[in-house]
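Coordinates in review
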Amino acid sequence: MRSWEWARPVRPVRREVLSAVPELEEGRPPLLLVPGFGHGAWAYAENWLGHVAARGFSAYAMSLRGHGGSAPAPEATLRAYAHDVVQVAAGLPRRAVLVGHGAGALVVAHAMARYPAQAAVLVAPVFGGWATFGTALRRNPFGTLPAVFGAGLRLNRRQLFSGELPEADARRHAGRLGRAARRAQWQLLTGTDPEPAVGDPPVLVLGSPDDRVVPAAALNRAARRYASAPLLFPGMGHDLMLDARWREPIDAILDWLIKNPGRDDLG
Amino acid sequence: MPTSPEPGRPDPETTTLARGPDGRPVSDRGDTVCVIGAGASGLTAVKNLAEHGFGVDCYERETGVAGAWNWRHDRSPVYASTHLISSRPFTQFPDFPMPDHWPDYPHHSQLLSYFERYADHFDLRRHIWFGTEVVRVEPVGDDRWDVTTRSTGGYGPERTSRYAAVVIANGHNWSPKLPRYEGLEQFRGEVMHASSYKDSAQLRGKRVLVVGAGNTGCDIAVEAAQQASRCWHSTRRGYWYAPKYVFGRPADQVNDLLLALRVPLRVRQWLYHRTLRLTVGDLTRFGLPKPDHRVYETHPIANSLLVYHVGHGTITPVPDIARFHPHSVELTDGRQIDPELVVFATGYLPRFEFLDGKILGDDEGVGRPRLWLNALVPDHPTLAVTGLVQPDSGIFPLAHWQAVLFARLLATRASRPERAAAFAAQVRAGAGERYSGQVKDSTRHWFEVGHADYLRALERALRELESK
Ligand SMILES: Cc1cc2nc3c(=O)[nH]c(=O)nc-3n(C[C@H](O)[C@H](O)[C@H](O)COP(=O)(O)OP(=O)(O)OC[C@H]3O[C@@H](n4cnc5c(N)ncnc54)[C@H](O)[C@@H]3O)c2cc1C
Ligand SMILES: NC(=O)c1ccc[n+]([C@@H]2O[C@H](COP(=O)([O-])OP(=O)(O)OC[C@H]3O[C@@H](n4cnc5c(N)ncnc54)[C@H](OP(=O)(O)O)[C@@H]3O)[C@@H](O)[C@H]2O)c1
């Protein structure tokens, strides 16, 4: 029974979706890349989008409402973000693999309760709660503390990228960061756990032990939810898709998808 | 005509060749489940069974998916102007939403594209045998079933396959329910059932009598008000004509807001009566009979325009028909009217012509099976019916959960037979259970369900099945 959801449908907004499709359709499931708070589709367009297509998968990167090229939505909630993901996923020609980064992984986890994904990949997942907040506070007190009082959460360059990324690139990416809606940020701290996923999709969790947003313990915790262990990429920052060695994690994801289709109805 | 969905696809693989009771060969399909019909209910059965790891063969007599919602299908009851009566959130599958920029009440052509996208998104067509009609379904011991099919229209040979389970999703809005009247055979005017009504051009310039005030009857009366030279609307009782919008929102969404707030039925009825009273007003002044029941006690009508046209005099409400004369129709109040065209929008009857009625507990064969949750069959744990519900909301979310329940039941039979056996006892005990408040006794209300009561009961059953 979802009387509340039925009675109060999420309002539609214009959503930005960037795509790259392979020249030859090989019957592989499409990937839907969901960015975390503050990021937009641009974060994937930089490196991953084209690479995924070059490896024969259709790739779609979206911006949650209020982010990137999607319409502004200052009152957005986690539910609205998950709604955006499910809307885009259901609009794709075939059952999609959901890939979520940072808090986008939490959004994907919520979306998985409303859409039977082919598989899901949680990249440096931020599942929220006070522990995550504590880490963020320690690493970047001036960016984090105001968020408690309703201002935007600000992440700095050194939290997001490793030292290997050229300074100019780091500065350019950090300059594009936006912010999530206040209510959604608050829900990240206090919100309820996602409902169980529908359709029993296989889930891969990956991240970096040197991530300064997601501590290793949080990574393990997230992976345990889905009865697995995280795949680790030492030396990388939180934004694995923008960091200097972006190629390694995405290749690992695609290899996993090829090797471990998980369900027998994978074409 | 090729019956295979893809050219060059081999026939279903035969593992063993068994013999049917009459000695004809039967191809054994092992653990595969058979789904009859690729309308909305059949599609969601195919998807959910496949998702639970079952092999599925679906037979569909038409050449496309979506059943009633493809108005080119010869049995589709949908007419050119059909829009949903249940708003989008109540009508979409719970795990495959309709695009959120669609209107609150989408058009039937949008529904068709929705079901086609559902079939493609989840790659369902490879399970479906189009242009193939199921003519017989027989139990063969061990809870297995022999399903006999042939090309639609009766061409070609029959073939029989043996399945581990069967889902019946053949729809319940295609076999017209036609009332009998004295003198109908002698009537010189044109008579049709709503099932053959497609387009308002059929009404243009004629004097039309529409019989029945289900949603079909109301829609056709409204079209007649605009197209026909005269429109009478005959009903055998008074109804609550609910608008599609109240307080600026789709009416069903307002109702569920009250449900979410756990407002009891009596209070909701009272609120509803008040709201209708204040907005639609007292209808008896138009000559409409006073409803003989409370709201929610008949299948809801969602039509904002009927009352509008009654108020404009373009629809004349009249009582039930007493008898037909060659050139006129006599009403129960003694009045005589002279329509050229009579449209019977008197509803449809469920039919399971391929199955012995006793199996579904429908001993008299009147299309009223005795089931639990309107889906599970006592003493036949591997048989289910989906979509046989008439909810005060959309059918598809209910059909989805029915399919999930049946898929999990089949999986439980394999993994925990004792649990499945205990569940079977429950099916037996629960057969015939109802999921609505009190409803008016009428031929159409035996499978009326309140979506909230029904989904809660289904949820309980799912939990029960998964319990230790
Ligand atoms: C005018 C109208 C408007 C409606 N509006 C709504 C609405 O707004 N919301 C709502 O929820 N419901 C509505 N309904 C109810 C409608 O019946 C359902 O929406 C829906 O079509 C039911 O789907 P189904 O799959 O159960 O049946 P169907 O759509 O009828 O599909 C059954 C399929 O089974 C196939 N089949 C049947 N027998 C056999 C056989 N022996 N062998 C092989 N194949 C077979 C048929 O060809 C068909 O494709 C409306 C009905 C009508 C008449
Ligand atoms: N989305 C839409 O716009 C839309 C449109 C049409 C239909 N539908 C759905 O399709 C289904 C079928 O609807 P329907 O309208 O075709 O059928 P229905 O709901 O069964 O309505 C039949 C109507 O005919 C009357 N009737 C039946 N037998 C009669 C008799 N012998 N003499 C006089 N009147 C008689 C009934 O009266 P009683 O009240 O006495 O039973 C009722 O008013 C329903 O679920 C409906 O909601 C939806």
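Note that this is a predicted model, so its numbers are computed, not measured.

For the rest of this paragraph, the subject is the overall build of chain B. Each helix and strand counted, chain B has 10 helices and 25 strands in total. What you see for chain B is a C-alpha radius of gyration of 23 Å, in line with the 23 Å of a compact globule of 468 residues. Projected onto its principal axes, the C-alpha positions of chain B cover 70 × 50 × 45 Å. Across the 468 residues in chain B, those meeting the buried criterion constitute 58%. Put simply, of all contacts in chain B between residues at least 6 apart along the chain, 66% involve residues at least 24 apart.

Across its full length, chain A carries 12 helices and 7 strands. Taken over 267 residues, chain A has a buried fraction of 58%. Intrachain contacts of chain A at a sequence separation of at least 6 include 73% that bridge at least 24 residues. With an accessible surface of roughly 10,800 Å², chain A has 54% of that area assigned to carbon and sulfur atoms.

Attention shifts here to the domain arrangement of chain B. Residue and element names in this part refer to chain B. Here chain B is described as being made up of domain 1 (17–175 + 349–466) and domain 2 (179–346). Using C-alpha coordinates to define each centre, domain 1 is positioned 30 Å away from domain 2. Contact between domain 1 and domain 2 buries roughly 2,500 Å² in total, counting both sides, with carbon and sulfur atoms accounting for 48%. At the boundary of domain 1 with domain 2, the tally comes to 0 salt bridges. Taken together, the connections running from domain 1 to domain 2 amount to 13 residue pairs in polar contact (both at pLDDT 80 or more). Those elements that place two or more of their residues in the side of domain 1 that touches domain 2 are helix H2 (88–91), strand E24 (390–391) and helix H10 (451–466).

A few words on the packing of aromatic side chains. Applying the stated criterion across every chain yields a total of 25 aromatic pairs over all chains. Between Trp6(A) and Phe90(B), the ring centres sit 5.5 Å apart and the planes meet at 45°, which makes this aromatic pair tilted. Of this pair, Trp6(A) sits in helix H1 (residues 3–7) while Phe90(B) is found in helix H2, placing the two residues in two different chains. Summarising the aromatic geometry, the rings of Tyr59(B) and Tyr163(B) are spaced 6.4 Å apart at their centres and angled 75° between planes, so their arrangement reads as edge-to-face. With Tyr59(B) in strand E4 (residues 56–60) and Tyr163(B) in strand E8 (residues 159–163), the pair connects residues that are 104 residues apart, well separated along the chain. Look at Tyr59(B) and you get buried, because its relative accessible area is 6%. Put simply, the rings of Phe93(B), Phe96(B), Tyr114(B), Phe115(B), Tyr118(B), Phe122(B) and Phe396(B) touch in pairs and so form one group of aromatic residues. Stacked on the ring of Phe122(B), the Lys or Arg Lys47(B) has its end atom at 5.3 Å from the ring centre. Above the plane of the ring of Tyr105(B) lies Lys244(B), whose end atom (NZ or CZ) is 4.6 Å from the centre.

Once that is clear, we can look at the sheet that holds strand E3 (residues 59–62) of chain A. Residues and elements named next belong to chain A. Pairing is mixed across the open sheet formed by 7 strands, whose spatial order is E1-E3-E2-E4-E5-E6-E7. At either end of the open sheet lies a strand with only one pairing partner, and these are strand E1 (17–20) and strand E7 (231–232). Each of strand E2 (31–34), strand E4 (97–101) and strand E5 (119–123) is contacted by helix H5 (residues 103–111), which is oriented at about 145° to E4, the strand it contacts most.

What follows covers helix H11 (residues 216–225) of chain A. All names here are of chain A. Taken together, the buried positions of H11 are occupied by Ala-218, Leu-219, Ala-222 and Ala-223. Seen from one end, H11 has its buried residues packed into an arc of 135°, which puts them on one side. Tucked into the core, H11 has its buried residues touching strand E6 (203–207) and E7. Within two residues after H11, Ala-227 carries a phi angle of roughly 55°, on the positive side.

Along the chain, Ile128(B) turns up in strand E5 (residues 128–130). The spatial distance from the C-alpha of Ile128(B) to the C-alpha of Ser467(B) is 34 Å, given a sequence separation of 339 residues.

Accessible area lost on assembly of the parts is the figure often given for the size of an interface. Taken together, the 30 residues of chain A in the interface contact 31 residues of chain B. Across the chain A/chain B interface, buried area totals approximately 2,400 Å², and carbon plus sulfur atoms make up 56% of it. Taken together, chain A and chain B are joined by 2 salt bridges. Across the pair Arg15(A) and Asp100(B) runs a salt bridge whose closest N-O atoms are separated by 3.1 Å. For the side of chain A that touches chain B, the secondary structure elements donating two or more residues are H1 and helix H4 (78–91) of chain A. The residue makeup of the side of chain A that touches chain B, split by class, is 15 nonpolar, 5 polar and 10 charged.

The subject of this paragraph is the site of ligand 1. All names here are of chain B. Taken together, 32 residues lie around ligand 1, and Ser-41, Glu-60, Ala-68, Asn-173 and Ile-395 are the ones closest in. Between ligand 1 and Ser-41 there is a distance of 2.6 Å, counted from an oxygen atom to a side-chain nitrogen or oxygen. The separation between a nitrogen atom of ligand 1 and a polar main-chain atom of Arg-61 is 3.2 Å. Bound to the protein, ligand 1 loses 94% of the 990 Å² it would expose on its own. Sorting the residues of the shell around ligand 1 by element identifies helix H1 (40–51), E4 and strand E6 (132–139) as the ones contributing at least two each. Tallying contributions element by element places E6 first for the shell around ligand 1, with 3 residues. Taken together, the residues of the shell around ligand 1 sort by class into 15 nonpolar, 11 polar and 6 charged.

Turning to the pattern of salt bridges, a few remarks are in order. Per the stated rule, a full pass over the model turns up 41 salt bridges over all chains. The salt bridge involving Glu51(B) is made with Arg95(A); its shortest N-O contact spans 3.3 Å. Residue Glu51(B) is found in helix H1, and its partner Arg95(A) is found in the loop between H4 and E4; the two belong to separate chains. Given the relative accessible area of 15%, Glu51(B) is considered buried. For Arg95(A), a relative accessible area of 4% corresponds to the buried category. The salt bridge involving Arg136(B) is made with Glu138(B); its shortest N-O contact spans 3.8 Å.

Cut-offs used in this document
- Residues numbered from 1 in each chain as written.
- Chains lettered and ligands numbered in written order.
- Predicted model: local features only at pLDDT ≥ 70, side-chain atom pairs only at ≥ 80, totals over all residues.
- Heavy atoms only, no water.
- Helix = DSSP H or I, 4+ residues; strand = E, 2+ residues; numbered from the N terminus.
- Rg over C-alpha atoms; globule rule 2.2 N^0.38 Å.
- Buried < 20%, exposed > 50% of the residue type's maximum accessible area, 1.4 Å probe, protein only.
- Contact = heavy atoms within 4.5 Å.
- Areas by Shrake-Rupley, 256 points an atom, 1.4 Å probe, with all protein chains shown as cover.
- Domains from an automatic or database assignment.
- Buried area = accessible area lost by both parts, 1.4 Å probe.
- Salt bridge = Lys/Arg side-chain N within 4 Å of Asp/Glu carboxyl O.
- Polar contact = N/O pair within 3.5 Å; in protein donor to acceptor, adjacent residues only side chain to side chain.
- Phe/Tyr/Trp six-rings, centres within 6.5 Å; stacked < 30°, edge-to-face > 60°.
- Lys NZ or Arg CZ within 6 Å of the ring centre and 35° of its normal.
- Pairing = 2+ DSSP bridges.
- Axes fitted to C-alpha atoms, helices over the stretch in contact; angles between N-to-C directions.
- Arc of directions from axis to C-beta.
- Nonpolar A, V, L, I, M, F, W, Y, C, P; charged D, E, K, R; others polar.
- Near = heavy atom within 4 Å.

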